[in-house]
Amino acid sequence: MIRRGLNRVLNIYSDKPVSAQIEITNVCNLDCALCVRNYFKIKLVHMEYDVFKTVVDKMEGVNAISLTGFGEPLAYPKIYDAIQYCKEKGHSVSFTSNGLLLNEKKIDRLFDVGLDSITFSVESIHPHDVELMHDNQNALSKIRRFVQMRNERGLKAPKVSLQVIMSKTVQDLYVVIEWGAEVGVDRVNISRFNEN
């Protein structure tokens, strides 16, 4: 970690990537109207687990792996095995989720396999435009419980981020940030915000 920081200061870059993103599934539990998956005519499949392991085995020098793509990682049948395999190979592991498939048992499993960070997509705290975006109302209590359970266990990880991909107004954005602070998330990411 110190060496990487020093290398950045000295403009010395690795000839290998230090992070990688693997789309383990493009299957999702939602069908949001604005999702880019609607513009691709592709078969919805989970990556075969043996293929996944082969890909990870070739990631020598990679520090961080994100198991994120156009699907919902929690829909992947071997998500816990995938995380654990990456951890055994020395990688930190993260993914982005809509949070709707979480329950306490799944949260416990994510803690047990050593997930390093999770990002939840949250467009708004108040329900509106659910025909375009996913309805966060069902996910908010699950995200709150995730943070509570992590804190009750005294864990420093997984770090929890909220990703605001699209908000209707600046006020919606502020409310998400305030909600995240109240719940105790570690970070809020804002992307593609356009106020009409």
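Up top is the structure these notes are about.
Just so it is clear, the structure is predicted and the values come from calculations on it, not from any experiment.

Of the regular secondary structure elements, the chain holds six helices and six strands. When the elements of the chain are put in sequence order from the N terminus, they spell out α-β-α-β-α-β-α-β-α-β-α-β. Burial status across the chain gives 37% buried among its 196 residues. If you take every contact in the chain between residues at least 6 apart in sequence, the share linking residues at least 24 apart comes to 72%. Accessible surface computed for the chain: about 11,300 Å², of which carbon and sulfur atoms make up 52%.

In this section: the pattern of salt bridges. Taken as a whole, this structure holds nine salt bridges when the rule is applied. Ionic pairing is found between Asp-186 and Arg-150, a salt bridge with its closest N-O pair at 2.7 Å. Placement of Asp-186 in the loop between α6 (170-183) and β6 (187-190) and of Arg-150 in helix α5 (residues 137-152) is noted, with a sequence separation of 36 residues between them. Note on Asp-186: relative accessible area 39%, which makes it partly exposed. Linked through salt bridges whose partners overlap, the residues forming this network are Glu-104, Arg-145 and Glu-152.

Paired through their backbone hydrogen bonds, the strands of a sheet run either parallel or antiparallel. Spatial ordering of the open sheet is given by β1-β2-β3-β4-β5-β6, a layout of six strands whose pairing is parallel. Two strands in the sheet have a free side with no partner beyond their single neighbour: β1 (19-21) and β6. Taken over all neighbouring pairs, the strand axes of this sheet differ in orientation by 20 degrees on average, direction set aside. Bridge count for β1 against strand β2 (residues 64-66) is three bridges, and the pairing is parallel. Residue Ser-19 lies in a different strand from β2, and its bridge partner there is Ala-64. Across the sheet, α5 touches β4 (117-121) and β5 (159-164), and the angle it forms with β5 is around 160 degrees. The sheet strands contacting α6 are β5 and β6, and the helix crosses β5 at an angle near 170 degrees.

The rules behind each value
- Per chain, residues are indexed from 1 in the order of the written sequence.
- Given that the model is predicted, a residue must reach a pLDDT of at least 70 before its local features are reported, and side-chain atom pairs must reach 80 or more before they are shown or counted; all residues, however, enter totals for whole chains, interfaces and linings.
- For the side-chain quantities, the full set of heavy atoms in the structure was used; hydrogens and water were omitted.
- We count a stretch as a helix when DSSP gives it H or I for four or more residues in a row; a strand needs E for two or more, and each element gets its number in order from the N terminus.
- In this scheme, a residue with accessible area under 20% of its type's maximum is buried, one over 50% is exposed, and one in between is partly exposed, where area comes from a 1.4 Å probe on protein chains only.
- Only heavy atoms enter the contact rule, under which two residues are in contact if any of them lie within 4.5 Å.
- Under the convention used here, a 1.4 Å probe and the Shrake-Rupley method define accessible areas, while residue burial counts only the protein chains that appear.
- Salt bridges are defined by distance alone: a side-chain nitrogen of Lys or Arg within 4 Å of a carboxyl oxygen of Asp or Glu.
- Criterion used throughout: strands pair if DSSP finds at least two bridges between them.
- The convention used is that axes are lines fitted to C-alpha atoms, helices contributing only their stretch in contact, and that angles between N-to-C directions extend from 0 to 180 degrees.

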